[in-house]
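A look at the structure
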Amino acid sequence: MNSSAVSIDKKSSLKTITRELYQGLTSLFFPAICTVCDQRIDESKTVVCKHCWSALKVLSADIVEAKPTPEQLDAILPVFEFEDTIQKIIHGLKYSGYKSSGLHLGRLIAKRLSKGYLLKESILMPVPLHPNKKRERGYNQSLYIARGIAEITGNIIRDDVLKRVKNTITQTHLNAHERHENMRDAFAINRCCDLSGITSVVLIDDVFTTGATMNAAAAVLKSSGVVSVCGLTAAAPI
Ligand SMILES: [Zn+2]
């Protein structure tokens, strides 16, 4: 090893020691607190504790099957029950910038997928936000969920195909019919995109309620020649 290599090596180990010391001191004076249950977290890289992650309830097959599949989708799969814990996790992901929660949620979703739901050739497409909302939030939360899924499954993500062209009003107080009307013509395909070769798409979103949003996105994909469009979401209410 020459002298410059030794000095680079010394520098990088000093950097590591400094960083670890800083992290140690930070966690001593400002211990990480779980954003869901307010308990102290030992690992500094997460904002949700292990207990809260393991408290997520997987929806049973009966409940999922009982949900009507919107007409443009070939299948829907919400993974967890939309209760207090996941509601807080998704809220943090959307409104507090906790992108790491989206990634971890995606990993947990991927581990719960039955064989065959996600084909090798299925392209993951996070449901896009309207540009105004994306500017406001700074990012699309569903992209982080998709990235967590892809980390485990190896599927390709395309977030450049779909675009949201209608800045829809919030759907919270709308009934199923109103939600479908609200979402009509909300999506389009980016003109520069070549969809040839894409036969199967799995749309990724945070919560499935009536499926109006994913249905509208699926409609434009199908009218552009995509054969199969399924929906995969982190949660759905029972
Ligand atoms: Zn917790």
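Further up the page is the structure itself.
Predicted model, so just to flag it, every value in this text is computed and none were measured.

What counts, and at which threshold
Residues numbered from 1 in each chain as written. Predicted model: local features only at pLDDT ≥ 70, side-chain atom pairs only at ≥ 80, totals over all residues. Heavy atoms only, no water. Helix = DSSP H or I, 4+ residues; strand = E, 2+ residues; numbered from the N terminus. Buried < 20%, exposed > 50% of the residue type's maximum accessible area, 1.4 Å probe, protein only. Contact = heavy atoms within 4.5 Å. Areas by Shrake-Rupley, 256 points an atom, 1.4 Å probe, with all protein chains shown as cover. Donors = N, O, S within 2.8 Å, 3.2 Å for Na, K, Ca; no water. Tetrahedral: all angles 85-135°; square planar, octahedral: opposite > 155°, others 65-115°. Disulfide = S-S within 2.5 Å.

Here we come to the overall build of the protein. Counting its regular elements, the protein contains nine helices and seven strands. Residues counted as buried form 42% of the 238 residues belonging to the protein. Pairs at least 24 apart in sequence give 72% of the contacts found in the protein among residues at least 6 apart. As displayed, the protein offers around 13,600 Å² of accessible surface, 53% of which is attributable to carbon and sulfur atoms.

Further remarks concern the coordination of the zinc ion. For the zinc ion, every protein donor is listed as Cys 34 (SG), Cys 37 (SG), Cys 49 (SG) and Cys 52 (SG), and the spread of their distances is 2.3 Å. Each of the four donor atoms around the zinc ion contributes to a set of angles spanning 106 to 116°, which defines the coordination as tetrahedral.

Next up on the list: the state of the cysteines. Here a disulfide denotes a covalent bond joining the sulfur atom of one cysteine to the sulfur atom of another. Summed over all chains, the structure comprises zero disulfides. This cysteine, Cys 193, is not joined by any disulfide, and Cys 192 carries the nearest cysteine sulfur, 4.6 Å off. Cys 193 gets classed as buried once you look at its relative accessible area, which sits at 15%.

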